[in-house]
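# Observations on the model geometry
Chain residues, written in single-letter form:
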Amino acid sequence: MSDARSKKRLTTVKGRATVKARAKVKARAKVKAPVGRPAGARRTDAALIPGSSVHASLANEIGLRIVRGDYPPGTILPNEAKWSETFDVSRSAVREAIKMLMAKSLLASRPKIGSWVEPKERWNLLDRDVLAWYATAPDREMFLRTVQEFRHIIEPEASAFAAIRRSDEQMAEISQACREMGKAATLPERTRADTRFHLAILRASGNDLLVPLGVLIESALDHLFVFVTRETSDQPRAQALHEAIEKNIRLQRPAAARSAVHRLLANTDEVIGRSRR
């Protein structure tokens, strides 16, 4: 009987010890979890971009804040520890994000000083990400006007050269994009075809510098064409203006192609101007 009672008491003691140990573990877990946020949960402002790494998503968030003016040029940014705490990410992710932004010339860095925002004229505005951030900044109208000025400088002469130099294959590409614009049933379909149309003309111009330039500004054109297509009430007129460009390039009329582009750009200027009212 005494042996049985001893075993029972031993089992009870072990059980109490196990319960106390579990209680301590739970208590420690509660202490580690920040107040107001479940353990293991990410902050809402640290949302990942689908398909992107943590540091790329962080670079996107910081870059957007810089371009929209949250951190004006000359501003010393928070240090690694602060960014790590703000976004609940590792310091290595912060370092990689800062490197990405430095490569885009948005930031500069120096030991014992930290990272600061570079003057706007040093930003690589032809970078695809920077263009995307610029397009969503509060002063969107300035972005649209900037893209339009670029088009006024480049597209009329590029179209004239395309009328002289285009190959049959390049002409087929321009014509197909123009037809797809007219048949498009949705905004994304039309804007994608619109961008292909203008990039195809740049390629057909035969100028080796315009081809890579077209690739660089593709994102800017996408944003512009989405805006203009949404704001345009007379889509048949816009389509007719594009068809006039296609026709004059096809018939190899450089002066007429140049004039057709000027008419299209004037129409786009009107659309942007109306959006301010």
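As shown above, the structure is provided for reference.
Structure report, in brief. (Residues numbered from 1 in each chain as written. Predicted model: local features only at pLDDT ≥ 70, side-chain atom pairs only at ≥ 80, totals over all residues. Heavy atoms only, no water.)

## Points about helix α11 (residues 235–250)
Rule in force here: The secondary structure listing takes helices from DSSP runs of H or I that are at least 4 residues long and strands from runs of E that are at least 2 residues long, numbered from the N terminus. Expected span of a helix: the number of residues minus one, times 1.5 Å. Accessible area is worked out with a 1.4 Å probe on protein chains only. A residue is then buried under 20% of its type maximum, exposed over 50%, and partly exposed in between. For this analysis, residues touch if any pair of their heavy atoms sits within 4.5 Å. By the criterion applied in these results, polar contacts are pairs of N or O atoms within 3.5 Å in which, for protein atoms, one can donate a hydrogen and the other can accept it, and in which residues neighboring in sequence qualify only through two side-chain atoms.
The end-to-end C-alpha distance of α11, which contains 16 residues, comes to 22 Å, matching closely the 22 Å that a straight helix rising 1.5 Å per residue would cover. Along α11, the residues that are buried comprise A238, Q239, L241, H242, I245, E246, N248 and I249. In this structure, the buried residues of α11 make contact with α6 (140–165), α7 (168–183), α8 (187–204) and α12 (254–274). Where α11 begins, one side-chain oxygen reaches toward the backbone nitrogen of R237, 3.2 Å away; that side chain belongs to D234. Two residues or fewer after α11 comes Q252, characterised by a positive phi angle close to 55°.

## Details of the pairing of strand β1 (residues 107–110)
Under the convention used in this document: Pairing between two strands requires that DSSP report at least two bridges joining them.
In this structure, β1 lies alongside strand β2 (residues 114–117), joined through four bridges in antiparallel fashion. Bridge pairing in β2 places A108 opposite W116. From the end of β1 to the start of β2, which pair antiparallel, there are three residues, and K112 there has a positive phi angle of about 70°.

## Let's talk about the side chain of S84
Topologically, S84 is positioned in helix α3 (residues 80–87). Judged by relative accessible area, S84 falls into the buried class, the value being 15%. Of the polar contacts made by the side chain of S84, one reaches the backbone oxygen of V89; its length is 2.4 Å. Setting aside its immediate chain neighbours within four residues, S84 contacts V89, S90, R91 and V94.

## Observations regarding the packing of α6 against α8
As a reminder of what qualifies: Fitted lines through C-alpha atoms serve as axes, helices being fitted only where they are in contact, and the angles separating the N-to-C directions of these axes extend from 0 to 180 degrees. Here the word oblique covers every angle except those under 35 degrees (roughly parallel), over 145 (roughly antiparallel) and from 65 to 115 (roughly perpendicular). Here a crossing is called left-handed whenever its near helix is offset anticlockwise from the far helix by less than a right angle, and right-handed whenever the offset is clockwise.
One can describe the packing of α6 onto α8 by two numbers: an axis separation of 7 Å at closest approach and a directional angle of 60°. Judged on the interaxial angle alone, α8 and α6 are oblique. Crossing of α6 over α8 shows left-handed handedness. On α8, the residues that touch R151, I154, E155, A158, S159, F161, A162 and R165 of α6 are H198, I201, L202 and A204.

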